Amino acid sequence: MNFPEYWQALVSAHELVGASACVDEEHDLSGMGVELTFLTELQAHEELTLCWPGIGVAADGYMPVAWCSEGSGDYYYINSSDGANGPLYRIYHDSVDPQGYDPEEAVAKVFENYEAILDYVER
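Nothing here was measured: the structure is a model prediction, and the numbers come from that model. (Residues numbered from 1 in each chain as written. Predicted model: local features only at pLDDT ≥ 70, side-chain atom pairs only at ≥ 80, totals over all residues. Heavy atoms only, no water.)

Draft legend 1. Representation of the overall build of the protein chain. Tallying secondary structure elements over the protein chain gives 4 helices and 7 strands in all. Listing every helix and strand of the protein chain by position from the N terminus yields α-β-β-α-α-β-β-β-α-β-β. Against the compact-globule benchmark of 14 Å for 123 residues, the protein chain has a radius of gyration of 13 Å, which places it among compact chains. The principal-axis extents of the C-alpha atoms in the protein chain amount to approximately 40 × 30 × 25 Å. Burial statistics for the protein chain: of 123 residues in total, 41% are counted as buried. (Helix = DSSP H or I, 4+ residues; strand = E, 2+ residues; numbered from the N terminus. Rg over C-alpha atoms; globule rule 2.2 N^0.38 Å. Buried < 20%, exposed > 50% of the residue type's maximum accessible area, 1.4 Å probe, protein only.)

If you want it as structure tokens, here you go:
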């Protein structure tokens, strides 16, 4: 697994690996609020190939890019089929298992364009 070039460029240009972001409920489309830390490519690969929900959503093009730093167990994803400037999603870890998942319940859109997270990165 490799991050798409457009994601690699964003992460590199803004030095996002290991950085955190915090989004209040009113700016998160799911209404939950966000506290996340960006993943390295190795961490993303491990989440996608060794852990749930990564294993369960990989075939649908989802790629983990950050984890919930509040401890929920949820990860944040982009979807490679959305291409550059696609949404940022939260996938609820307890809604995906070996029997599958219902995208309506398991996947929540956080931003229409993942680049919106840049406004909330903490340095």
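Draft legend 2. Structural view of a negative patch on the surface. A contiguous patch of negative charge on the surface is contributed by Asp-24, Glu-25, Glu-26, Glu-35, Glu-70 and Glu-122. Among the structural elements, Glu-122 can be located in strand β7 (residues 121-122). (Patch = residues over 30% accessible without salt bridge, like charges linked within 9 Å, V, L, I, M, F, W, Y side chains within 5 Å. Areas by Shrake-Rupley, 256 points an atom, 1.4 Å probe, with all protein chains shown as cover. Salt bridge = Lys/Arg side-chain N within 4 Å of Asp/Glu carboxyl O. Lys, Arg positive; Asp, Glu negative; His and termini not counted. Charge placed at Lys NZ, Arg CZ, Asp CG, Glu CD.)

Draft legend 3. Spatial organisation of the environment of Glu-26. Along the chain, Glu-26 falls in the loop between β1 (20-23) and β2 (34-38). A sequence separation of 66 residues divides Glu-26 from Tyr-92, and the C-alpha atoms of the two residues are 19 Å apart.

Draft legend 4. Representation of the pairing of strand β5 (residues 88-91) in the model. The alternating pattern of β5 places Leu-88 and Arg-90 on one face and Tyr-89 and Ile-91 on the opposite face, and all of these are buried. Relative to β5, strand β4 (residues 75-79) is paired through 3 bridges, and the arrangement is antiparallel. Each bridged residue has a counterpart across the sheet, and for Tyr-76 the counterpart in β5 is Arg-90. (Pairing = 2+ DSSP bridges.)

Draft legend 5. How the structure looks around the sheet that holds β7. Read across the sheet, 7 strands follow the order β6-β5-β4-β3-β2-β1-β7 without closing on themselves; strand pairing throughout is antiparallel. Edge strands, defined here as strands with exactly one partner in the open sheet, are β6 (107-111) and β7. Running at roughly 110 degrees to strand β3 (residues 62-68), helix α2 (residues 41-50) makes contact with β2, β3 and β4 of the sheet. (Contact = heavy atoms within 4.5 Å. Axes fitted to C-alpha atoms, helices over the stretch in contact; angles between N-to-C directions.)

Draft legend 6. Highlighting the nonpolar core. Ranked by internal contacts, the top residues of the largest apolar core, which has 25 residues, are Trp-7, Leu-36, Phe-38, Tyr-76, Ile-78, Leu-88 and Ile-117. Those elements that place two or more of their residues in this core are α1 (5-14), β1, β2, β3, β4 and β6. Sorting elements by how many residues they give to this core places β3 first, with 4 residues. In this view, Phe-38 contacts Trp-7, Leu-16, Val-17, Gly-18, Ala-19, Ala-21, Gln-43, Val-65, Ala-66, Ile-117 and Val-121; residues no more than four positions away in its chain are not counted. Val-57, Tyr-62, Tyr-89 and Val-107 belong to the second largest nonpolar core, which has 8 residues in total. (Core = buried A, V, L, I, M, F, W, Y, C linked by side-chain atoms within 4.5 Å.)

Draft legend 7. Spatial organisation of the side chain of Asp-28. Looking at where Asp-28 falls in the secondary structure, it is placed in the loop between β1 and β2. Taking relative accessible area as the criterion, Asp-28 reaches 3% and is therefore assigned buried.

Draft legend 8. Structural context of the side chain of Thr-37. You can see Thr-37 is positioned in strand β2. Among the polar contacts listed, one links the side chain of Thr-37 to the side chain of Ser-20, at a separation of 3.4 Å. Leave out the neighbours within four places in its chain, and Thr-37 touches Gly-18, Ala-19, Ser-20, Val-65, Ala-66, Trp-67 and Ser-69. (Polar contact = N/O pair within 3.5 Å; in protein donor to acceptor, adjacent residues only side chain to side chain.)

Draft legend 9. Structural view of unusual backbone geometry. The residue after Trp-52, namely Pro-53, is reached through a cis peptide bond having omega 15 degrees. Secondary-structure assignment places Pro-53 in the loop between α2 and α3 (54-57). Located in the positive-phi region is Asn-85, a residue other than glycine, with phi close to 70 degrees. Checked against the element boundaries, Asn-85 lands in the loop between β4 and β5.

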